[in-house]
Amino acid sequence: MKMNLEASKKIPAILVLLFTAQLLFSQALTREERRVVGTFLEDSDYDVQTIELTREYIIGVYGGNGCRMGNSLPDGLEDKLYELNAEGAMISDIHISEDGSWVLVGDMVSGSGIPQECGNALNIVLDAGDHVTCVSFNALGDWCVIGEKIYMASSKVEDYIKEASSLYGHIKYAHITNDAVVVSCETGQFCSVGWDVPLAKNLSDRLDSLDFRPKCIKLFYDGSFFIGNQDVSRWTANF
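Since the model is a prediction, treat every value here as computed from it, not as a measurement.

Reading the values: rules and limits
- Residues numbered from 1 in each chain as written.
- Predicted model: local features only at pLDDT ≥ 70, side-chain atom pairs only at ≥ 80, totals over all residues.
- Heavy atoms only, no water.
- Pairing = 2+ DSSP bridges.
- Helix = DSSP H or I, 4+ residues; strand = E, 2+ residues; numbered from the N terminus.
- Axes fitted to C-alpha atoms, helices over the stretch in contact; angles between N-to-C directions.
- Contact = heavy atoms within 4.5 Å.
- pLDDT = per-residue confidence, 0-100.
- Buried < 20%, exposed > 50% of the residue type's maximum accessible area, 1.4 Å probe, protein only.
- Arc of directions from axis to C-beta.

## Digging into the sheet that holds strand 15 (residues 225-229)
In step 1: As summarised here, the arrangement of the three strands in space is 14-15-16, forming an open sheet in which the pairing is antiparallel. Sheet topology places strand 14 (216-219) and strand 16 (234-238) at the edges, where each strand pairs with a single neighbour. Each adjacent strand pair in this sheet contributes to an overall mean axis angle of 5°, direction not counted.
In step 2: Packed onto the sheet, helix 6 (residues 198-208) meets strand 14, strand 15 and strand 16 and runs at close to 30° relative to strand 15.

Right, here's the structure in full:
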């Protein structure tokens, strides 16, 4: 697996405050953007690999490397998506944090603004010869890198992963936002906020009614979610 990363640097506290202020005035994702993307994916004859949703962005990846997105994406992401599509490269996952940092996982790993510790861990996993299946992080310093054989994570996320693994077996996927961490395992799932809180309640109910075993579970900031298993070409979502 190849890697093409632009790692973020440590930012002085005053710049963090300025950046946070800028986020308050960022353009929010509209209902119409969500509707257009959702309708397209639901009506598509292609398999949907993944969906990513933040307060500003929405995108779905379908048919291996096709994309349907909202009106905008973080800097550099759209160009990279078109490049990978032209090359015929497989995109199995996409992650975008609330600060606009992003990473693509598939035939290669490519990203921008990935937290420095997460980027270092990614290099370690790749150098070990493992196939990376998941990279996820938030704007608060939480992150994880999951391969088929090994994983690395920040301390809080590692505690969640260990708890999930002890209950449900081999780790398949983890999704990290500013609001929650969801860990998908061989035989079950773990949610950092609990399944009965409003944020996760709809997701919990959908998981109880599935007729396939999920491999990837994403819980978004407003309770919307994506559940998928590319191995059996199945997915469901609510956004």
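Next comes the rest of the write-up.
## Let's talk about the confidence of the model for the chain
In step 1: Confidence along the chain averages 90 in pLDDT terms, with 89% of residues attaining 70 or more.
In step 2: Long-range and interchain partners of residues 5-25, a stretch whose pLDDT sits below 50, account for 20 contacts in this model, where long-range means more than four residues apart.

## Considerations on the pairing of strand 2 (residues 48-53)
Looking along a regular strand, one sees the side chains alternate between the two faces of the sheet.
In step 1: In terms of burial, strand 2 is largely enclosed, as six of its six residues are buried.
In step 2: Where strand 2 and strand 3 (residues 58-62) come together, five bridges link them in antiparallel fashion. Across the sheet, Val 48 pairs through a bridge with Tyr 62, a residue of strand 3.
In step 3: From the end of strand 2 to the start of strand 3, which pair antiparallel, there are four residues.

## Things to note about helix 3 (residues 77-87)
In step 1: Leu 77, Lys 80, Leu 81 and Leu 84 are the residues of helix 3 that are buried. Considered in projection along helix 3, the buried side chains sweep an arc of 100° and stay on one side of the axis. Facing away from the buried side of helix 3 by over 90 degrees, the exposed positions are Asp 79 and Ala 86.
In step 2: Taken from the residues just after helix 3, Gly 88 is the one with a positive phi, measuring 75°.

## Structural notes on the sheet that holds strand 8 (residues 132-137)
In step 1: Spatially, 8-9-10 is the arrangement adopted by the three strands of the open sheet, whose pairing is antiparallel. This sheet does not close on itself; its edge strands, each paired only once, are strand 8 and strand 10 (151-153). Averaged over all neighbouring strand pairs, the angle between strand axes comes to 5°, with direction disregarded.
In step 2: Bridge count for strand 8 against strand 9 (residues 143-147) is five bridges, and the pairing is antiparallel. Bridge pairing in strand 9 places Ser 136 opposite Cys 144.
In step 3: The strands touched by helix 4 (residues 116-127) are strand 8, strand 9 and strand 10; relative to strand 9, the strand with the most contacts, the crossing angle is about 10°.
In step 4: Packing of helix 5 (residues 155-168) onto the sheet brings it into contact with strand 9 and strand 10, and relative to strand 10 it is tilted by some 135°.

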